[in-house]
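# Structural features, examined
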Amino acid sequence: QIRTAVALVKTGSMVIKDRPATMFFPFNALVVQLLLAFAFILLFLFLQTAPLTIEHFQGVANAATAASSYASNIEAYDSSINDGGAAGIEAAANNAFTFKIGLYLYVLFGFLWTIESVNNLGWTTMSGSVSHWFFFRNSIKTKIPLMRSLYRAARYHLGTIVFGSFIVAVIQLIRIILMALDHYTKKQQKA
């Protein structure tokens, strides 16, 4: 086992010697992931401040259109709330809360899926570059092996990468939901 480990370290150091950019390639994926995380954090903050309801995505059933004035939109909103009375206001608040939770879960799932896709594309690119070096180092030379590997991964393997990332993102989302349920039901669990 020690001989195998020594052989792996020697081979790995030869890859780094022949293709030194391989050491720095993971930082590219890290930068992309940090930019995506920043964008999704901004999106969550904007969603938190937006008074979103289901009507924003369904279209309002009454006369609120792009051509109507602000006053007519407010009148339509007031009349729809007044029709239901206090129960209508409470139901609208509950629907808005449930809708926002669903919207947050949707955006969180998109974030997990995107981050995992970027991560897996980076790993596939590095793996392709190293395997190209291992099998073709003496016969086929290339000036930009990581870019060629990125092209191959994006052209031939992107569907598999995205599908695998989808499965991982679904599992991560389920884990997050279960951890949140566990956190918010601590008192009931102790009783």
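### Focus on the pattern of salt bridges
Per the counting criterion, the structure on display carries one salt bridge. Where K186 meets D182, a salt bridge forms, and the shortest distance between an N and an O atom there is 3.4 Å. Assessed through its relative accessible area of 32%, D182 is described here as partly exposed.

### What to know about the nonpolar core
Ranked by size, the top nonpolar core spans seven residues in total: F40, L47, L52, F99, L103, Y104 and V107. Going through the elements one at a time, α2 (21-49) and α4 (70-136) are the ones with two or more residues in this core. No other element matches α4, which puts four residues into this core. Counting residues in hydrophobic clusters, the runner-up holds five residues, among them L108, F109, A169 and L173.

### Observations regarding α2
With 29 residues, α2 should reach 42 Å at 1.5 Å per residue; the first-to-last C-alpha distance of 43 Å fits that figure. Of all the positions in α2, only T22, F25, A29, Q33, F40 and L47 are classed as buried.

### Remarks on the packing of aromatic side chains
One pair of aromatic rings is described through two measures. These are the centre distance and the angle between the planes. Across all of its chains, the model carries six aromatic pairs by this definition. Ring plane angle 40° and centroid distance 6.0 Å describe the contact between F44 and Y104, whose orientation is recorded as tilted. Of this pair, F44 sits in helix α2 while Y104 is found in helix α4, placing the two residues 60 residues apart along the sequence. Residue F44 is classed as partly exposed on the basis of its relative accessible area of 26%. Taken together, the ring pairs connect F109, W113 and F166 into an aromatic cluster. The ring of W133 is capped by R137, whose NZ or CZ atom sits 4.5 Å from the centre of that ring. One Lys or Arg, R137, reaches over the ring of F134 and ends 5.6 Å from the middle of that ring.

### Some details on the environment of L36
When you line up the elements, L36 lands in helix α2. As a C-alpha pair, L36 and T114 span 78 residues in sequence and 8.1 Å in three-dimensional space. Residues in contact with L36, not counting those within four places in the same chain, are F111, T114, I115 and V118.

### Section: the side chain of S149
Mapping S149 onto the fold places it in helix α5 (residues 145-156). Classification of S149 by relative accessible area gives buried; the value is 2%. A polar contact of 3.1 Å, which involves the side chain of S149, links it to the backbone nitrogen of S129. Contact partners of S149, with chain neighbours within four places excluded, come to T124, T125, G128 and S129.

Conventions used here
Residues numbered from 1 in each chain as written. Predicted model: local features only at pLDDT ≥ 70, side-chain atom pairs only at ≥ 80, totals over all residues. Heavy atoms only, no water. Salt bridge = Lys/Arg side-chain N within 4 Å of Asp/Glu carboxyl O. Buried < 20%, exposed > 50% of the residue type's maximum accessible area, 1.4 Å probe, protein only. Core = buried A, V, L, I, M, F, W, Y, C linked by side-chain atoms within 4.5 Å. Helix = DSSP H or I, 4+ residues; strand = E, 2+ residues; numbered from the N terminus. Expected span 1.5 Å × (residues − 1). Phe/Tyr/Trp six-rings, centres within 6.5 Å; stacked < 30°, edge-to-face > 60°. Lys NZ or Arg CZ within 6 Å of the ring centre and 35° of its normal. Contact = heavy atoms within 4.5 Å. Polar contact = N/O pair within 3.5 Å; in protein donor to acceptor, adjacent residues only side chain to side chain.

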